[in-house]
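Spelled out, the chains give:
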Amino acid sequence: MKISEIISSKKVTISFEIFPPKKQDDFSTVKQSAMTLSATKPDFISITHGAGGSTNKNSATLAQTVQDSGTTALAHLTCIRSSKEQLLKTIEDFKTRGITNVLALRGDIPNDSFEGENLFPSGLFHASDLVSILKEQGFCVGGACYPEGHPESANRDLDIENLKHKVSAGVDFLTTQMIFDNDMLYSFLYRLQSANIRVPVLAGIMPITNANQVKRMVDLSNAYIPRKLLSFCDRFKNDKEAMKQAGIAYATDQIIDLISNGVRGIHIYTMNKPEIAQAILKNIDSIIKAVNA
Ligand code: FAD
């Protein structure tokens, strides 16, 4: 099913993100996590894609596995370090596998990139260029957005101006970079409204269940980390179970606030830990039933 249809048929959607293994030997473990997540009946599961096609085959196989288990799959696709030929081949492969939803991304500039390297051999320099190709091929297409601004953007206004290209190219929905402070999202949604951007926005939530995750997440996303989150990381960093419980409670609290304030989609970055996603779902099951009744 197309995700645009799922979004328009529900008041609130819940979806998950998983990532494919880098090593082939780990595929069955990740597949098992995907199956456990699929059994919770989310609205869809998205599968990340290594920039430059590093996890290409496993991404597509995992997306098909998700789809075959009865859950709609959203396959991510990045254009950095890929030729046009490679991208078109992957798109054909998605079609063969019955995948109809793709998250179109540029991909991060790789750490090992060197001066003078042609990072865009396909001639697709921005995610919006990939959106156009996927729309022409009949896919339901999502895009990424950054409530706190993309790290490469000079400022948030410019980032929203650039986001307009993605929207004009036809994205059906947007998924945010992880946010830990809901006010960042509310202010972003207000700015989108002012810019006349009306596509559905799904809020990206990353449960922090390991104190070491925080530094990595800040480096990766530039996200503001509220004092409340830092406090429990500090207090419980040496107790695995306490950290897990606090992280689940924090993410649950964020999600309840988002839904209470009318946000229509929650996308949980599961880090391939189905037990965390299951615990969050258990905490909000009556809320989800009530809003979608
Ligand atoms: P773009 O939309 O192309 O934006 C990149 C930069 O270019 C921004 O600063 C933007 O403001 C600017 N820009 C955009 N269009 C224009 C234009 N026309 N003119 C000038 N400037 C412009 N990475 C992966 O490698 N694999 C994944 O699976 C993956 N999944 C992700 C999922 C989500 C929900 C998110 C939020 C990010 C994900 N990423 C993934 C990371 C993402 O690839 C990086 O954040 C990357 O740096 C930007 O990708 P983008 O698609 O947003 O790029």
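Heads up: these notes are all about the structure in this document. Throughout this document, residue positions are counted from 1 along each chain, in the order its sequence is written. The predicted origin of the model limits local features to residues at a pLDDT of at least 70 and limits the giving and counting of side-chain atom pairs to 80 or more, whereas totals for whole chains, interfaces and linings rest on all residues. Note that water and hydrogens are dropped before the side-chain values are worked out from all heavy atoms of the structure.

### Considerations on the packing of aromatic side chains
Here is the rule: rings of Phe, Tyr and Trp (six-membered ring for Trp) pair when centre to centre is within 6.5 Å. Planes less than 30 degrees apart are stacked, more than 60 are edge-to-face, and the remainder are tilted. What the rule picks out here adds up to three aromatic pairs. Between Phe-120 and Phe-125 the ring centres are 5.5 Å apart and the planes differ by 55°, which places this aromatic pair in the tilted class. Relative accessibility thresholds used throughout: buried, under 20% of the residue-type maximum; exposed, over 50%; partly exposed, between the two (1.4 Å probe, protein chains only). For Phe-120, a relative accessible area of 14% corresponds to the buried category. Using a relative accessible area of 45% as the deciding quantity, one classes Phe-125 as partly exposed. Between Phe-232 and Tyr-250, the aromatic rings sit 5.9 Å apart at their centres with planes inclined by 50°, giving tilted as the arrangement. Linking Phe-232 in helix H9 (residues 227–236) with Tyr-250 in helix H10 (residues 240–260), this pair joins segments that are 18 residues apart in sequence. Elements are defined by DSSP. Helices are runs of H or I of four residues or more, strands are runs of E of two residues or more, and each kind is numbered from the N terminus.

### Section: the nonpolar core
Nonpolar core, defined: a set of buried Ala, Val, Leu, Ile, Met, Phe, Trp, Tyr and Cys residues in which side-chain atoms within 4.5 Å join the residues together. Within the largest apolar cluster, 61 residues are counted, with the highest numbers of intra-cluster contacts made by Phe-16, Ile-18, Phe-94, Leu-134, Ile-255 and Ile-266. Counting residues per element, this core draws most heavily on helix H11 (residues 274–292), at six residues. Note on definitions: a residue-residue contact is assigned when non-hydrogen atoms from the two residues lie within 4.5 Å. Once residues within four sequence positions are removed from consideration, Ile-266 is found in contact with Thr-13, Ile-14, Ser-15, Ala-203, Ile-205, Ile-255, Leu-258 and Ile-259. Core analysis: the second largest hydrophobic core is formed by 16 residues, Met-206, Val-214, Met-217 and Tyr-250 among them.

### With respect to the packing of H9 against H10
Whenever a helix is involved, its axis is fitted only over the stretch in contact; in every case the axis is a line through C-alpha atoms, and angles between N-to-C directions fall within 0 to 180 degrees. Packing of H9 against H10 brings their axes to within 9 Å, and their N-to-C directions diverge by 170°. Relative to H10, H9 is oriented roughly antiparallel. In this structure, H9 uses Lys-228, Leu-229, Phe-232, Cys-233 and Phe-236 to contact H10, whose residues at the interface are Ala-242, Met-243, Ala-246, Gly-247, Tyr-250 and Asp-253. For the contact of H9 with H10, the class distribution of residues is eight nonpolar, one polar and two charged. To sort the angles, those under 35 degrees are grouped as roughly parallel, those over 145 as roughly antiparallel, those from 65 to 115 as roughly perpendicular, and the leftovers as oblique. Nonpolar residues are Ala, Val, Leu, Ile, Met, Phe, Trp, Tyr, Cys and Pro. Charged residues are Asp, Glu, Lys and Arg, and all others, Gly as well, are polar.

### A closer look at the sheet that holds strand E4 (residues 101–105)
Strand pairing in a sheet takes place through backbone hydrogen bonds and is either antiparallel or parallel in direction. Ordered in space as E1-E2-E3-E4-E5-E6-E7-E8, the eight strands form a closed barrel in which the pairing is parallel. Neighbour-to-neighbour, the strand axes of this sheet turn through a mean angle of 25°, independent of strand direction. Two strands form a pair only when DSSP identifies at least two bridges running between them. Sheet topology places strand E5 (residues 140–145) next to strand E6 (residues 173–178); four bridges connect them, and they run parallel. Bridging across to E6, Gly-143 finds its partner in Leu-174. Against the sheet, helix H6 (residues 156–168) engages E5 and E6, with an angle of about 175° to E5.

### Let's talk about the site of the ligand
Definition of nearness: a residue and a molecule or strand are near each other if at least one heavy atom of the residue lies within 4 Å of the molecule or strand. Near the ligand, the surroundings consist of 24 residues, among which His-49, His-76, Asp-108, Tyr-146 and Asp-159 are the closest. The separation between an oxygen atom of the ligand and a polar side-chain atom of His-150 is 2.8 Å. In the complex, the protein chains occlude 85% of the 970 Å² of accessible area that the ligand would expose alone. Breaking the shell around the ligand down by element, the ones donating at least two residues are strand E3 (73–78), E4, H6 and E6. Here the element with the most residues in the shell around the ligand is H6; it accounts for four residues. When the residues that make up the shell around the ligand are grouped by side-chain class, the tally is seven nonpolar, twelve polar and five charged. Here a polar contact means two N or O atoms within 3.5 Å. Within protein one must be a hydrogen donor candidate and the other an acceptor candidate, and residues neighboring in sequence count only if both atoms are side-chain atoms. The accessible surface values rely on the Shrake-Rupley method and a 1.4 Å probe; as for residues, cover is taken only from the protein chains in view.

### Describing unusual backbone geometry
Leaving glycine out, the prevailing phi sign among residues is negative, and the prevailing peptide bond configuration is trans. Positioned with a positive phi, Lys-41 is a non-glycine residue whose angle comes to about 60°. Of note in the backbone geometry, Asn-196 takes a positive phi value of approximately 65° without being a glycine. Mapped onto the elements of the fold, Asn-196 is located in the loop between helix H7 (182–194) and strand E7 (201–205). Exposure remark for Asn-196: the relative accessible area of 54% places this residue in the exposed category.

### A short note on helix H5 (residues 127–136)
Taken together, the buried positions of H5 are Ala-127, Ser-128, Leu-130, Val-131, Ile-133 and Leu-134. In the stretch just after H5, Gly-138 is the one whose phi turns positive, near 90°.

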